[in-house]
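An overview of the molecular structure
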Amino acid sequence: MVRRTKEEALATRHKLLDAAEQLFQAQGVSRTSLQDIARRAGVTRGAVYWHFKDKADLFNAMMDRVILPLEESFQGRLGQQAETDPLARIYSGVMDALIRIAGDPQARRVFEVATHKVEYVDELQALRLRHLKSRSDFLAQVEHGLQAAAERHSVALAIPAATAAQGMHAIIDGLIQSWLLESTAFDLVALGRDVLDVYLRGLGFFRPDTSAAARP
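All values reported here derive from a predicted model rather than from experimental measurement.

The next thing to look at is the overall build of the protein chain. Within the protein chain, the secondary structure is distributed over 9 helices and 0 strands. Listing each helix as α and each strand as β along the protein chain from the N terminus yields α-α-α-α-α-α-α-α-α. Burial statistics for the protein chain: of 216 residues in total, 41% are counted as buried. At a minimum sequence separation of 6, the contacts of the protein chain that also span at least 24 residues come to 72%.

Written out as structure tokens, the structure reads:
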């Protein structure tokens, strides 16, 4: 009985998150109420508050379902053994993210909500902090990886590794945002690969062998 109750509670939680994804995408985060989400999920408003403190908490849980696996994969690659090329780990991590966003409807939906359907109004300031932390974590990991790659490949970076990480983030983030606006305009994975190659060559690198980095 206890196990069934836990399973039912988990099922209700996922219903709410699914409903939130759909409504946030359709009408934006600030224009969607918790009552709207409860109604779409077929549960009471009280059930929403049983699982989530407020809308920001629900939003973060929705993001976690998609973003955490991506972040864990990326961090896992960068944390691989020292003998694995750090440049290959960065390359594989970025390309995995682009492939996931382009090929997984749920990932695309969540990224669209996070990118184009959210306003940082008072009740959603926690979302801004989440975005800032995600960016900060990415920059720190890529900066460390680029510095390690420069040492491994004897490359003298023309700009500081921190600046190079900022540039890579701007390129990848810009590509994703543009693709989400019009996914038929270009192939996110193919163009992302080409642009990443060009950027890395500009830093003094060449496309790495990702065969080892592809193994988590």
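This next bit is on the layout of surface pockets. As a volume, the largest pocket reaches approximately 890 Å³. Looking at the largest pocket, it is lined by 32 residues, and the ones nearest its centre are Phe111, Ser134, Arg135, His169 and Asp173. Looking at the lining of the largest pocket, the elements that each hand over two or more residues are helix H4 (55-78), helix H5 (86-103), helix H6 (105-116), helix H7 (125-153) and helix H8 (161-181). Considering each element in turn, the lining of the largest pocket owes the most residues, 9 residues, to H7. Here the residues of the lining of the largest pocket are counted per class, giving 16 nonpolar, 9 polar and 7 charged.

What follows concerns the packing of aromatic side chains. Applying the stated criterion to the full structure yields 1 aromatic pair. Note on Phe24 and Phe59: the rings are 6.0 Å apart at their centroids and 45° apart in plane angle, and the pair reads as tilted. One end of the pair, Phe24, is in helix H1 (residues 2-27); the other, Phe59, is in helix H4, with 35 residues separating them in the sequence. Each of the two residues, Phe24 as well as Phe59, counts as buried. We note Arg108 situated over the ring of Trp179; from NZ or CZ to the ring centre the distance is 5.0 Å.

Below, the discussion takes up the pattern of salt bridges. What the rule picks out here adds up to 7 salt bridges. Linking Arg109 and Glu21 is a salt bridge whose minimum nitrogen-to-oxygen distance equals 2.9 Å. Placement of Arg109 in helix H6 and of Glu21 in helix H1 is noted, with a sequence separation of 88 residues between them. With a relative accessible area of 23%, Arg109 lands in the partly exposed category. The class of Glu21 is buried, set by a relative accessible area of 1%. A salt bridge links Asp104 to Arg100; its shortest N-O distance comes to 2.9 Å. Within this structure, Asp18, Glu21, Arg65 and Arg109 form a network of salt bridges that share partners.

This brings us to helix H2 (residues 34-41). Every buried residue belonging to H2 is among Leu34, Ile37, Ala38 and Ala41, and all of these are buried. Down the axis, H2 shows its buried residues gathered within 100° of arc, on one side only. Looking one or two residues past H2, Gly42 carries a phi angle of roughly 75°, positive in sign.

Positionally, Asp85 belongs in the loop between H4 and H5. When its relative accessible area of 13% is taken as the criterion, Asp85 is described as buried. On a C-alpha basis, the gap between Asp85 and Asp209 in space is 8.1 Å, while along the polypeptide they are 124 residues apart. With near-sequence residues (within four places) excluded, Asp85 lies in contact with Arg152, His153 and Pro208. Here the side chain of Asp85 touches His153 through a polar contact of 2.9 Å, side chain to side chain.

Here H8 is 21 residues long and its end C-alpha atoms lie 30 Å apart, about the 30 Å a rise of 1.5 Å per residue gives. All of the buried residues along H8 are Ala161, Ala164, Ala165, Met168, His169, Ile172, Leu175, Ile176, Trp179 and Leu180. Angular distribution of buried residues about the axis of H8 spans 140°; they occupy a single face of the element. Buried-residue contacts for H8 involve H5, H6, H7 and helix H9 (188-203).

Let's shift gears to the packing of H6 against H8. The N-to-C vectors of H6 and H8 enclose an angle of 105°; their axes lie 10 Å apart at closest approach. In terms of orientation, H6 lies roughly perpendicular with respect to H8. Where H6 approaches H8, its residues Arg108, Phe111, Glu112, Thr115 and His116 are matched on the opposing element by Ile176, Gln177, Trp179, Leu180 and Leu181. Across the contact of H6 with H8, the residue classes break down as 5 nonpolar, 3 polar and 2 charged.

About the thresholds
Residues numbered from 1 in each chain as written. Predicted model: local features only at pLDDT ≥ 70, side-chain atom pairs only at ≥ 80, totals over all residues. Heavy atoms only, no water. Helix = DSSP H or I, 4+ residues; strand = E, 2+ residues; numbered from the N terminus. Buried < 20%, exposed > 50% of the residue type's maximum accessible area, 1.4 Å probe, protein only. Contact = heavy atoms within 4.5 Å. 1 Å grid on protein atoms, 1.4 Å probe; cavity = no way out; pocket = protein on both sides within 12 Å on 5 of 7 lines; lining within 4 Å. Points joined across faces, edges and corners; volume = space filled by probe spheres on them. Nonpolar A, V, L, I, M, F, W, Y, C, P; charged D, E, K, R; others polar. Phe/Tyr/Trp six-rings, centres within 6.5 Å; stacked < 30°, edge-to-face > 60°. Lys NZ or Arg CZ within 6 Å of the ring centre and 35° of its normal. Salt bridge = Lys/Arg side-chain N within 4 Å of Asp/Glu carboxyl O. Arc of directions from axis to C-beta. Polar contact = N/O pair within 3.5 Å; in protein donor to acceptor, adjacent residues only side chain to side chain. Expected span 1.5 Å × (residues − 1). Axes fitted to C-alpha atoms, helices over the stretch in contact; angles between N-to-C directions. Parallel < 35°, antiparallel > 145°, perpendicular 65-115°, else oblique.

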